[in-house]
Amino acid sequence: MTAIKGKHIILGITGGIAAYKSAMLVRLLVKAGAEVQVVMTPNAKEFITPVTLSTLSGKPVISEFFTANTGEWHSHVDLGLWADAMIVAPATASTIAKMANGVADNMLVTTYLSAKAPVFVAPAMDLDMMAHPSTVRNISLLRSYGNHIIEAQSGELASHLTGKGRMEEPERIVEVLEAYFSGNCDYKGKHVLITAGPTYERIDPVRFIGNYSSGKMGYAIAGEAASRGATVTLVSGPVSIPAPADSAISVVRVESARQMLDACENVFPDADVAIMCAAVADYAPASPSDIKIKREGNEPPEIRLVKNPDIARTLGEKKHEGQILVGFALETDHEGDNAVAKMKSKNLDMIVLNSLRDAGAGFSTDTNKVTVFTADGRTLPFPLKDKHEVAGDILDTILSL
Ligand code: PMT
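All of these numbers come straight from a predicted model, not from anything done at the bench. (Residues numbered from 1 in each chain as written. Predicted model: local features only at pLDDT ≥ 70, side-chain atom pairs only at ≥ 80, totals over all residues. Heavy atoms only, no water.)

1. Things to note about the sheet that holds strand β19 (residues 370-374)
To summarise the sheet geometry, strands pair through backbone hydrogen bonds and adopt either a parallel or an antiparallel arrangement. Strands sit in the order β12-β11-β8-β13-β16-β17-β19-β20 across an open sheet of eight strands; the sheet is mixed. In this open sheet, the two edge strands, each paired with only one partner strand, are β12 (249-253) and β20 (379-381). Averaged over neighbouring strand pairs, the angle between their axes works out to 15° when direction is ignored. Of the strands in this sheet, β16 (324-331), β17 (350-355) and β19 touch helix α12 (residues 335-345), which is tilted by about 150° from β17. Across the sheet, helix α13 (residues 387-399) touches β13 (273-276), β16, β17, β19 and β20, and the angle it forms with β17 is around 155°. (Pairing = 2+ DSSP bridges. Helix = DSSP H or I, 4+ residues; strand = E, 2+ residues; numbered from the N terminus. Axes fitted to C-alpha atoms, helices over the stretch in contact; angles between N-to-C directions. Contact = heavy atoms within 4.5 Å.)

This is the structure we're talking about:
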């Protein structure tokens, strides 16, 4: 461990049972040569004592805005400027909600809001809290602000239930930080083109042909590639996900397949890797109406469809030596055969199959279950995972090509 040496790290600890693991986290960070300043929420003190943490860190723990007996003010602004990184571990649902919404009612959240350094958040909570739409939304908001989420793991929880919610192990958190500081970015210097979301094909100014893609899978790949050092161009169909805050990601917004093709053809010549994750509509109305088609007094219109361009195939025809082109296959039957056929016919180097027959996979979910087929003949099945972890598996496999 060298990259962490000499770094100033704020460790924010919140009130959850996983706070006991924070003692080990302080110890590992200090052992790696970091200066650690612990900031606890008042509730965290119910789970682990400040004495333990100040002994391990060699610094008084900060929990309140003032030290009670001396009246000394703890400047969250100075602390935020001092830090090279802030870790919040464990991060409870309540602290995550406060961070996502700027509720600065304790020293930890106030420090977070003042921090200029990268922030790493390791959620820990019961499985139902973890799966609640408000927690899912708040974590996604934190991600959109550029925070790094260190995913909770599945296993037995304090409630004795089994599911996702265990804080990542301290050793792994230190590894994540080490990788960040060492600039161990395996995509550094690479330009990655990613398509995401659906396309909308206009019928008239108020109606369109589209599909259920939310953009989550493509945006997760973009975030993961950027955090691994890539410069990313994200060509996005209409989605409600906010634009990523990461300056390494440029978003090009498009609506139709034709616009998506134009954007991709502009970027592809300079891309090292292109990942076609968008659910592109295969057909578009031949003659979209300029005015709203009226219902009153009319028979239901017959809409003639024409084939849209196949973006992946077009790029496959233009691919030059050294470029890697990756497609997705969304299937409902004969999954493997269809995916491999698409990989071959579109001249792809790899294809990521997801099937709508698998629960938790495909459109709109936060998870996906994929099997990757490579043009060099490998078949790599992965279990159901969070889409951000799936993104990591896809990027790892691309590096193996
Ligand atoms: O956005 P989410 O809600 O997170 O959902 C993710 C996803 C299900 C959309 C994603 O994981 C996925 O499977 N994307 C590809 C969907 C799709 O259109 O699959 P396909 O089998 O029809 O297309 C095969 C490949 O050709 C894809 O890489 C597709 O981007 C590309 N294609 C298809 C049609 C077309 N006209 N042009 C294309 O480039």
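Let us keep going from here.
2. Focus on the site of the ligand
Taken together, the neighbourhood of the ligand is formed by 28 residues, with S213, S214, K342, N354 and S364 sitting nearest. Contacts to the ligand include M276, whose backbone N or O atom sits 2.7 Å from an oxygen atom. At 2.7 Å from an oxygen atom of the ligand is found a main-chain nitrogen or oxygen belonging to A278. When isolated, the ligand has an accessible area of 770 Å², and the protein chains bury 96% of it. (Near = heavy atom within 4 Å. Polar contact = N/O pair within 3.5 Å; in protein donor to acceptor, adjacent residues only side chain to side chain. Areas by Shrake-Rupley, 256 points an atom, 1.4 Å probe, with all protein chains shown as cover.)

3. Side note on the packing of aromatic side chains
In this structure the tally under the stated criterion is four aromatic pairs. Consider the rings of Y200 and F208, whose centres lie 3.7 Å apart with planes at 10°: the pair is stacked. A network of ring pairs unites the aromatic residues F120, Y180 and F181 as a single cluster. (Phe/Tyr/Trp six-rings, centres within 6.5 Å; stacked < 30°, edge-to-face > 60°.)

4. Some remarks on a nonpolar patch on the surface
Side chains of I17, Y20 and F47 sit close together on the surface and give an oily, nonpolar patch of about 330 Å² of accessible area. Summarising the element assignment, F47 is placed in the loop between β2 (35-40) and α2 (50-57). When its relative accessible area of 38% is taken as the criterion, F47 is described as partly exposed. (Patch = residues over 30% accessible without salt bridge, like charges linked within 9 Å, V, L, I, M, F, W, Y side chains within 5 Å. Salt bridge = Lys/Arg side-chain N within 4 Å of Asp/Glu carboxyl O. Buried < 20%, exposed > 50% of the residue type's maximum accessible area, 1.4 Å probe, protein only.)

5. Some words on the sheet that holds strand β4 (residues 119-123)
Pairing is parallel across the open sheet formed by five strands, whose spatial order is β2-β1-β3-β4-β5. Whereas interior strands pair on both sides, the edge strands pair on one side only; in this sheet they are β2 and β5 (148-149). Pairing of β4 with β5, which is carried by two bridges, proceeds in the parallel orientation. Residue pairing for β5: V121 is matched across the bridge by I149. Its contacts with the sheet put helix α5 (residues 107-114) on β1 (8-13), β2, β3 (85-91) and β4, and the angle it makes with β3 is roughly 145°.

6. Structural notes on the pattern of salt bridges
Opposite charge on two side chains lets them pair, provided their charged atoms get close. Considering all chains together, one arrives at 23 salt bridges under this definition. For E255, the salt bridge is made with R202, and the minimal N-O distance between the two is 3.4 Å. Taken together, the positions of E255 in the loop between β12 and α10 (257-267) and R202 in strand β9 (residues 201-204) put the pair 53 residues apart, joining distant regions of the chain. Since its relative accessible area comes to 28%, E255 is described here as partly exposed.

The values reported here are purely geometric and, on their own, carry no functional implication.
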